[in-house]
Each structure stands twice: as structure tokens, then as C-alpha cells.
Amino acid sequence: MTYDSFVLSCLIIGGFEWIMEKIIEIHDLRTYFETAEGTIRAVDGVDLHVNAGETVGIVGESGCGKTVLALSVMRLIPSPPGRIVAGRILFDGKDLLRLQEDDMRRVRGRSISMIFQEPMTSLNPVIRVGDQIAETMRLHLKLSHKEAMERAVCMLERVGMPSPADRIYDYPHQMSGGMRQRVMIAMALSCEPRLMIADEPTTALDVTIQAQILDLITRLKEESKNSVLLITHDLGVIAETAQQVVIMYAGQVMERCSAQQLFSNPCHPYSVGLLESRPRFRAGSGTDGYLKAIPGGVPGLYDLPAGCTFQDRCPNVMDVCRKERPELKEMGDGHFSRCWKNEK
Amino acid sequence: MLEKRKIDFEKQEHPSNNQVLLTLEGVKKYFTVRDAIFAGRYHTVRAVDGVDLCIYRGETLGLVGESGSGKSTLGRLILRLERPTGGRIVFDGEDIGGLSGEKQSAFRRNVQLIFQDPYSSLNPRKNAGSIIGEPLKIHHMHSGRRDRDDEVARLMEVVGLRREQMGRYPHEFSGGQRQRIGIARAVALKPRLIIADEPVSALDVSIQAQILNLLKMLRREYDLTYLFITHDLNVVEHMSDRIAVMYLGRIVELAGNAALCKGPMHPYTEALFSAVPAFSPDEKRGRIILEGDIPSPVRPPSGCAFHPRCPRRMEKCVRVTPELMPFREGRSVACHLYDSDQ
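Here is what the cut-offs are and how they apply
Residues numbered from 1 in each chain as written. Chains lettered and ligands numbered in written order. Predicted model: local features only at pLDDT ≥ 70, side-chain atom pairs only at ≥ 80, totals over all residues. Heavy atoms only, no water. Helix = DSSP H or I, 4+ residues; strand = E, 2+ residues; numbered from the N terminus. Rg over C-alpha atoms; globule rule 2.2 N^0.38 Å. Contact = heavy atoms within 4.5 Å. Lys, Arg positive; Asp, Glu negative; His and termini not counted. Charge placed at Lys NZ, Arg CZ, Asp CG, Glu CD. Buried < 20%, exposed > 50% of the residue type's maximum accessible area, 1.4 Å probe, protein only. Areas by Shrake-Rupley, 256 points an atom, 1.4 Å probe, with all protein chains shown as cover. Pairing = 2+ DSSP bridges. Axes fitted to C-alpha atoms, helices over the stretch in contact; angles between N-to-C directions. Phe/Tyr/Trp six-rings, centres within 6.5 Å; stacked < 30°, edge-to-face > 60°. Lys NZ or Arg CZ within 6 Å of the ring centre and 35° of its normal. Polar contact = N/O pair within 3.5 Å; in protein donor to acceptor, adjacent residues only side chain to side chain. Expected span 1.5 Å × (residues − 1). pLDDT = per-residue confidence, 0-100. Domains from an automatic or database assignment. Buried area = accessible area lost by both parts, 1.4 Å probe. Disulfide = S-S within 2.5 Å.

## Describing the overall build of chain B
Okay, so step 1: Secondary structure summary: chain B contains 11 helices and 12 strands in total.
Okay, so step 2: Relative to the compact-globule value of 20 Å for 342 residues, chain B shows a C-alpha radius of gyration of 21 Å, a close match.
Okay, so step 3: Summarising its shape, the C-alpha atoms of chain B cover approximately 70 × 55 × 50 Å along the three principal directions.
Okay, so step 4: A separation threshold of at least 6 residues defines the contact pool for chain B, and within that pool the share at least 24 residues apart is 64%.
Okay, so step 5: Here chain B contributes 50 positively and 43 negatively charged side chains, and the mean placements of these two sets differ by 4 Å.

Put into C-alpha cells, the structure is as follows:
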């Protein structure tokens, strides 16, 4: 028994029920990539947790480290060049980063599953979708081929696939993007995982199909009481589905709070900028109005400035921002922000 | 039939001036594709299936639809990158099908395209200066090296790049900056119509707003007309004067921006707009969840192409294809629900 799980069990025995609620806790996770040009700190000290039955949204632009974070949780970082240099990921009382590869394989797809952004490249094109869904269950639940196929049909029915008994014999290319994403979700949910990681599950889909898939993820989450870690760049998706939000920028958490808090009272200038730069549907703004854009672009991770990583794009930058990097501080009520202006 | 269509156009809602820049009359584009299994068999894909539309000078016409609705093909037809299977496209009083020589060259100057993907639409072996200067060179404008370089530098400053970046290559720029290069190239010849095909879809959220602002600013400075093709309804509402909604190669609804977004008439438009994610958690609203996917344009459904997914279908919808008919306040809608009102 490791020290962590010992502490955890003591706390559980001690009646601290709040800690039982946390499905997964990530502490100070750092994933670096060694390249010819230097070390890239793709994930640089991320802390977050997911409570049971909750959807936590991770928001950020490309290159902010959100996908690397998800892959680190699954321990799927290609190494070399990638390396998880520090941190703990507590799941079920165990530190996932210290598991043997064999034990980790029993977690992947069983207790934690993942839905990827591009359903075409994540499904095997030469295997029928029924067999692909059944494979997970045969491995983890030790079902026979026949039982697994029967359950695959049930799963496809649950995710709203029309005539599922016939579609299990289809190959991925015979399906549309939305249908393939349903297959991915059926596969991810087949072993009733406690945590599902969805990496931009609707980005490649049309808006009407996006609405179907988001509804499906929310409904299935409520039915099976699992938790979801939803990675997206779309704040509209967050508004629709998430209870908690983590805003990431250049590998670090900039703001962490409830979805309600983010939309009603954003604290970090980056979050404010993201919220204000969106065109508002049915606002009747006319066509003369300009959007409040965030100036500049996402900084390269090779040469991040000293001090705050957002300093060059921040509207209220101060001297201290250029010298020292702010810490993620609680502002009360579970609302965390990494900004010097909140210190005063 | 043609006579009737002309009357329809005049009734369409339009901005202050009513000078028509571009007219599409019954434009069709069918593609023939080989069967996936039987090599000898061919199918017809009706990518664009009878579109009547006009674009007024100085307006931004938003064209929305799901993937496979034919919106990009329509853009390519207007650019003359595809020949229509049927119908006519008239730009500034001339049928573009019959252009040649000097008139063709003038047409190519007047109509430009902004691409979706800023990564694949710039030649990686040319520096920013020669990418932006190339249209000037081809059309013999600003001949003379120095003159051209001055113009390129001016264009770069207009789109928010620095003169010193002229010698840099595309890979040295970020996605947003590359899109600025593409935009500078499109406006270099002072075109009258710009087709923007998903110009911000490949960009990060914080960069999208910058590019949308730039496009709006250019429209005012250069007196441009945009055909703004996108699947993002938030963006189209922000940019457009009028919006046309496409479904399986046809326009199902066309109306002024405010009218369309406040009260869509076609059941497809209604469902499409209700699928837009909420602006904040407090604004979650009832959704119309459409069942199934957009059907294949190889075998479009009989009657109204939307009837298999339509929550309000009637018996007539299965048999008769509704025409795009003018409605009150210059709106047009192709739906049998409004047959008696017209």
C-alpha cells in the first residue's frame, strides 16, 4: 500500500465523505517534451479534480496543453520525446503514474475511457464496428464473443444508432461522422467506466449533429452516474454541458471555477477576453459592431516570457506581471485564478 | 419562368441600394462519381440543384448549411472554378459562362476567394511578399519591382502585418497571420466580390474575432461585397446583412439577418438555429433535435429533401418539391407549410 492510498483510506475511515466524491485528482502534473530546440513544457503544473457524476470542461486554444493533459492521464504520451516529469494522478486511491504498464492497461478502457476528436482516424478501418466495440468487453469483462456482440448491439441502441443489429456488421467508412462518433461513445461506455475523457468530441461535426452528441453524452452521464472530463475550445459547449471549468493557457491553469461562476464572474483577463470575443447569436448587434478581440497570438512554448504567460496580450498588464509568474490562488467559493490583479 | 424569377428578385429584401452585382438563375451542378464497388456504374451527385439567388452591391450575404449541402460548390461555381451543369451566373450584367479574353481577365480581378485553411492555401516555397504580389504581377498592376513592393507593403499594413515580414515564409507565421496573408492576396486587386469560404473555421477562438473584425473593416474601406460561406451560425449572424440557408443543394430559406435569426420560418432553419450552443448556462433553451444525418446527395429523398428529418412533415412533402417562394417582408422560403399564405 502506497502512502497516498494509506492516507486516502484513513480519511475515508475517518468519515471525510467529501474526499470520496473525488473520482480523480491531478496534482502538479508536468509533462515535458524534449526537442532539438529545447524543452517544451506542454503541461506545467496542473492541479484539478473531477467529482463523481460531474462534467468538468477543460477550455483552451490549440497548443495550450489540453490534449497532452488528457493523454497524460491515460499514460499515452509518446516517449521519447514526451515525459511526465512530476505530479500525481490519484484514481481509485492509486497513483496512475506509478502503475506498471500491465495494471495501466486494465484501467484504460475499463475504468477510464477516452473519446477522440476525429472518429475516422480513431476507429480501425478494416474491422467491423461491432467487433471493435466487442473487443473492449472481451478483454476487460472476459465476455465470450457472442455475449460481447449482443452487448455491442445494446450499446449501439443506447447511443441512438438506428437498426443497431445490422450496423454492427458495417465498416467505419460506411458510416457518417456523427454515426462514427456514436460508435466511439458506445465503445467508451461499453465497460461502464467511472471516468470518460472526451477530447473535442464534436469539433469535427455539424452543428445539428453536435447537438445530438452533446445531448447524448449528458443523458448517458446521468444514466450511468459516471464523470466526464470534456476538452473543448468552444465555450458554448461548456455552457451546455459542464458544471466545473478549467481554463488553460500555455500549459497552465489560468482559472478554475464552476461554469456558473465563469460566465457570471470571470476573474482572469484571458477568460474575460475569451468570453467577450465571441459573436453573440441573436444579439441583434447588427453588422456594424466589431468584436472585442484578444490582440496577438498564443505564445510559442519554446520561449515563454518570464512572469505571466499572458502578459503580452493582457489589457491590464502591470510591472509585476513581467517579472514574476502569479500563483493559482483561491478567491473564495472554490474559484481559483492565476493573476496578479486578484492579489490586491 | 425566367420572367417570373426576375420579379421575385426585386421582392427580396436588400440593403439601401438595390444594384444587383451577381445573379444566379437556376444554377445546377451535378457530379458523376464512379460506384465504389462496380467500376462500370456511375452515380449522379446533385451538389447544387437549382439555385436562384442574387447578391447586391455592398452587402454581405451569409450562406449557411451543414457539410454536404453544396455551399462550397456554389462558391466555386461563382468563381468559375466549376462549370455549371445548368443555369446562368450573371456578374455585373455579363453571363460569366461566355467570358473570354480581356473580359475574363477583368472578371478574375473582380472576384476573389479567401480560403478556409491558411496552412494549405499558401505556397510554402514563396515568401509573404511574393504571395501577396503575385496577383499584381499576373494582372500587370503596379508593374515595376519597386512599385509593386510598395503596394505589397501597404497591403500588409492594411491587414495588420508588418512591412519587415515581407521576406518571411508561411511556416514562420501563425495561423491567424497566415490568414491575414491570404486576405491581403484576395484584396490586392481591389476586387468587387469576395467569396469567403469558412475563413475563420480553422482558427483559434481568440484569433477568430481578430479576423472577423479585419474582414468587416476591409468591407468598409474597400467597398467590398462578400459571399460569406460558413457553418458557424454565430459568425454568420455577426457578419451578414442577409442569410441564405442551404440544404442538399437547394436554398430553403432566404431573409434579412435580423428577421431570420429572430424568427426562422423553415423547419430546417428552426432546428439548425436551435442547435447553436447556449451563450451562457443561464440561456439554455429548448432544442429541436433533428434525427439522423443529412441524406446523401446521390439519392436525395423524394419531394422536399428535408422531409425524412422534418418534425412538421405533411403528406404533400413526400411527393412535391417546394419551390423557393417570396413571402412577406422580402423573405423567401421553400416549404409547403406556407403554401396558402403566398
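## Observations concerning the overall build of chain A
Okay, so step 1: Of the regular secondary structure elements, chain A holds 14 helices and 12 strands.
Okay, so step 2: Taken over the C-alpha trace, chain A has a radius of gyration of 21 Å; the compact-globule value for 344 residues is 20 Å, and the two agree within 12%.
Okay, so step 3: Its C-alpha atoms give chain A principal-axis dimensions of about 65 × 60 × 45 Å.
Okay, so step 4: The burial tally for chain A puts 53% of its 344 residues in the buried class.
Okay, so step 5: Of the accessible surface of chain A, which amounts to about 15,100 Å², a share of 52% is contributed by carbon and sulfur atoms.
Okay, so step 6: Considering chain A, the positive charge centre built from 39 side chains and the negative charge centre built from 44 side chains are found 1 Å apart.

## Re the sheet that holds strand β1 (residues 20–34) of chain B
All names here are of chain B.
Okay, so step 1: Read from one edge of the open sheet, four strands run β2-β1-β4-β5, paired in antiparallel fashion. Two strands close off the open sheet at either side, each with one partner strand: β2 (42–56) and β5 (94–95).
Okay, so step 2: As paired elements, β1 and strand β4 (residues 86–91) share five bridges and run antiparallel to each other. Each bridged residue has a counterpart across the sheet, and for Glu25 the counterpart in β4 is Arg88.
Okay, so step 3: Contacts from helix α2 (residues 71–78) reach β1, β2 and β4, with the element oriented near 115° to β1.

## Structural notes on the packing of aromatic side chains
Okay, so step 1: Applying the stated criterion across every chain yields a total of eight aromatic pairs over all chains.
Okay, so step 2: Cation over ring: A:Arg278 sits above B:Phe279, and NZ or CZ is 3.9 Å from the ring centre.

## A closer look at the side chain of B:Glu66
Okay, so step 1: Considering the arrangement of structural elements, one finds B:Glu66 in the loop between β3 (60–64) and α2.
Okay, so step 2: A polar contact of 2.4 Å, which involves the side chain of B:Glu66, links it to the side chain of A:Thr208.

## Considerations on unusual backbone geometry
All names here are of chain A.
Okay, so step 1: Cis geometry is adopted by the peptide bond preceding Pro80, which originates at Ser79 and carries an omega value of -15°.
Okay, so step 2: With an omega of 10°, the peptide bond running from Pro80 to Pro81 counts as cis.
Okay, so step 3: Positionally, Pro81 belongs in the loop between α3 (66–73) and β4 (82–91).
Okay, so step 4: Despite not being glycine, Asp92 has its phi angle at roughly 60°, a positive value.
Okay, so step 5: One non-glycine residue, Asp333, adopts positive backbone phi at about 60°.
Okay, so step 6: Here Asp333 shows up in the loop between β11 (329–330) and β12 (336–337).
Okay, so step 7: You can call Asp333 exposed: its relative accessible area is 70%.

## Details of helix α10 (residues 207–224) of chain A
Residue and element names in this part refer to chain A.
Okay, so step 1: An ideal rise of 1.5 Å per residue puts 26 Å on 18 residues; α10 measures up with 26 Å between its terminal C-alpha atoms.
Okay, so step 2: The set of residues buried in α10 consists of Val207, Thr208, Ile209, Gln210, Ala211, Gln212, Ile213, Leu214, Leu216, Ile217, Leu220 and Lys221.
Okay, so step 3: Immediately downstream of α10, the backbone of Lys225 shows phi near 60°, a positive value.

## Observations concerning the confidence of the model for chain A
Residues and elements named next belong to chain A.
Okay, so step 1: Confidence along chain A averages 85 in pLDDT terms, with 92% of residues attaining 70 or more.
Okay, so step 2: Confidence scores differ between elements of chain A, with helix α2 (residues 17–20) showing the lowest mean pLDDT of 46 and strand β9 (residues 244–249) the highest of 94.
Okay, so step 3: Here residues 10–20 is modelled with pLDDT under 50, and outside its nearest four sequence neighbours on either side it reaches six contacts, counting other chains as well.

## Some details on the domain arrangement of chain B
Residue and element names in this part refer to chain B.
Okay, so step 1: Segmentation of chain B into domains returns domain 1 (2–92 + 192–341) and domain 2 (118–191).
Okay, so step 2: Computed over C-alpha atoms only, the centres of domain 1 and domain 2 are separated by 31 Å.
Okay, so step 3: If you look at the interface, domain 1 gives 15 residues, while domain 2 gives 14 residues.
Okay, so step 4: Of the roughly 1,200 Å² buried between domain 1 and domain 2 on both sides combined, carbon and sulfur atoms contribute 73%.

## A short note on the state of the cysteines
Residue and element names in this part refer to chain A.
Okay, so step 1: Evaluation of the coordinates by the stated rule reveals zero disulfides over all chains.
Okay, so step 2: Cys154 supplies the cysteine sulfur nearest to Cys191, a cysteine that is in no disulfide, at a spacing of 14 Å.
Okay, so step 3: Cysteine Cys321 is unpaired, with the sulfur of Cys308 as its nearest cysteine sulfur at 6.0 Å.

## Some details on the environment of B:Gly303
Residues and elements named next belong to chain B.
Okay, so step 1: One can find Gly303 in the loop between α10 (267–274) and α11 (315–319).
Okay, so step 2: By relative accessible area, which is 13% here, Gly303 ends up buried.
Okay, so step 3: Separated by 17 residues in the primary sequence, Gly303 and Val320 place their C-alpha atoms 4.3 Å from one another.
Okay, so step 4: Once you skip the residues sitting within four places of it in the chain, Gly303 turns out to touch Cys317, Val318, Arg319, Val320 and Thr321.

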